[in-house]
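# Chain and residue survey
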Amino acid sequence: MDKLNVIFDIDGVIVDSEQLHFDVLCELAPDYTRHVQPQQLIGLSLSETLDEIGIPPLEQQGITDRIISVYKEKLSDHYLRPGIIQLIVALQQNGIAFGFVSTAPREVCLANLSLLDLKDKPALISGDDVERTKPFPDPYLAMLKLKAMDVGQTLVIEDTDLGIAAAKQAGIPWIYAWPHALSMAEQYGQASCIIEKLADIPQFSGISAKLM
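Here we summarise the structure given alongside this text. Worth saying up front: this structure is predicted, and the values here are computed from it rather than measured.

## Observations regarding the overall build of the protein
In terms of helices and strands, the protein carries 7 helices and 6 strands. Across the protein, helices and strands are ordered from the amino to the carboxyl terminus as β-α-α-α-α-β-α-β-α-β-α-β-β. Expected size for 212 residues packed as a compact globule is a radius of gyration near 17 Å; at 17 Å, the protein falls within 12% of this value. When the backbone C-alpha atoms are referred to their principal axes, the protein occupies close to 50 × 30 × 30 Å. Long-range pairs, those at least 24 residues apart, make up 65% of the contacts in the protein between residues at least 6 apart in sequence. Accessible surface computed for the protein: about 10,000 Å², of which carbon and sulfur atoms make up 49%. One way to put it: in the protein the 16 positive side-chain charges average out to a point 7 Å from where the 29 negative ones average out.

This is the structure:
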């Protein structure tokens, strides 16, 4: 158990925030989101999302800043997924290395992670930290290097096919898909297993009795 490493995706895994992201986008760019469903945008970076809905490049920086600001205003611990606080505390108590990988801007990632009971500054690879994000393996490879993680002793918790593909290409052996309300378009064909709750992950057996 002391060799186990855990890498978390953030949006959809730490926080059930995908609908919130879409609601903010609809509020600030209503003309571009009339015929878009939120599940179409799951797993995309913010810049990829703006490209996908057709916002011109010259307008993207201004709206990006507003999206991040409004998102942070609306974010609360209400969006934390069940059992995630208890798991983080258990990992810290057991000395298990963990980190966070996301396609989102670093500012959004840090806002999400501020909801957790972290003892130290989080180990984070955001969409701002790599040239190629998911489905490329670069974010996961960067985290493995950052934390000096043994890839053979590492597990990932993801909610998207893009993220699972990235972790798979990075050579990570255990990849758990944790669906949420907007996961209906995901296939999870490359996942090791689809879980309903964090306690379904066998490597966490005995770590915390409080996992839901």
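## Examining unusual backbone geometry
With an omega dihedral of 15 degrees, the bond running from Lys-134 to Pro-135 counts as a cis peptide bond. Secondary-structure assignment places Pro-135 in the loop between strand S3 (124-125) and helix H6 (138-146). A positive phi angle, near 50 degrees, is found at Ala-148, a position not held by glycine.

## What about the packing of aromatic side chains?
By the definition in use, this model includes 3 aromatic pairs. Ring centres of Phe-8 and Phe-98 lie 6.4 Å apart, and the angle between their planes is 80 degrees; on these two criteria the pair is classed as edge-to-face. Residue Phe-8 is located in strand S1 (residues 5-8), and its partner Phe-98 is located in strand S2 (residues 97-101); the two are separated by 90 residues in the primary sequence. The class for Phe-8 is buried, based on a relative accessible area of 0%. Given a relative accessible area of 14%, Phe-98 falls into the buried group. Ring centres of Phe-8 and Phe-100 lie 5.6 Å apart, and the angle between their planes is 25 degrees; this geometry places the pair in the stacked category.

## Considerations on the sheet that holds S2
If you walk across this open sheet you meet the 6 strands as S3-S2-S1-S4-S5-S6, and the pairing is parallel. Here the strands that pair on one side only, and so sit at the sheet edges, are S3 and strand S6 (193-194). In the sheet, strand S4 (residues 154-158) pairs with strand S5 (residues 174-177) via 4 bridges, with the strands oriented parallel. Bridge pairing in S5 places Glu-158 opposite Ala-177.

## Quick notes on the pattern of salt bridges
Summed over the entire model, instances satisfying the criterion amount to 8 salt bridges. The shortest N-O distance in the salt bridge between Lys-72 and Glu-107 comes to 2.8 Å. With a gap of 35 residues between them, Lys-72 in helix H3 (residues 57-74) and Glu-107 in helix H5 (residues 106-113) connect regions that are remote in the sequence. Lys-72 sits in the partly exposed class, given a relative accessible area of 37%.

## A few points about H6
Turning to H6, its buried residues are Pro-139, Tyr-140, Met-143 and Leu-144. Down the axis of H6, the smallest arc covering the buried residues is 135 degrees, so these residues share one side. Of the surrounding elements, those touching the buried residues of H6 are S1, S2, S3, S4 and helix H7 (161-169). Note on H6: the residue one or two positions beyond its end, Ala-148, has a positive phi of about 50 degrees.

## Points about the packing of helix H2 (residues 46-53) against H3
Here H2 crosses H3 at 120 degrees, and the two axes come no closer than 11 Å. Between H2 and H3, the crossing angle belongs to the class labelled oblique. Of the two possible hands of crossing, H2 and H3 adopt the one that is right-handed. The segment H2 lies against H3, with Leu-46, Ser-47, Leu-50 and Asp-51 engaging Gln-60, Ile-63, Thr-64, Ile-67 and Ile-68. A class-by-class count of the residues in the contact of H2 with H3 yields 5 nonpolar, 3 polar and 1 charged.

Here is what the cut-offs are and how they apply
- Residues numbered from 1 in each chain as written.
- Predicted model: local features only at pLDDT ≥ 70, side-chain atom pairs only at ≥ 80, totals over all residues.
- Heavy atoms only, no water.
- Helix = DSSP H or I, 4+ residues; strand = E, 2+ residues; numbered from the N terminus.
- Rg over C-alpha atoms; globule rule 2.2 N^0.38 Å.
- Contact = heavy atoms within 4.5 Å.
- Areas by Shrake-Rupley, 256 points an atom, 1.4 Å probe, with all protein chains shown as cover.
- Lys, Arg positive; Asp, Glu negative; His and termini not counted.
- Charge placed at Lys NZ, Arg CZ, Asp CG, Glu CD.
- Phe/Tyr/Trp six-rings, centres within 6.5 Å; stacked < 30°, edge-to-face > 60°.
- Buried < 20%, exposed > 50% of the residue type's maximum accessible area, 1.4 Å probe, protein only.
- Pairing = 2+ DSSP bridges.
- Salt bridge = Lys/Arg side-chain N within 4 Å of Asp/Glu carboxyl O.
- Arc of directions from axis to C-beta.
- Axes fitted to C-alpha atoms, helices over the stretch in contact; angles between N-to-C directions.
- Parallel < 35°, antiparallel > 145°, perpendicular 65-115°, else oblique.
- Left-handed = near helix turned anticlockwise from the far one by under 90°.
- Nonpolar A, V, L, I, M, F, W, Y, C, P; charged D, E, K, R; others polar.

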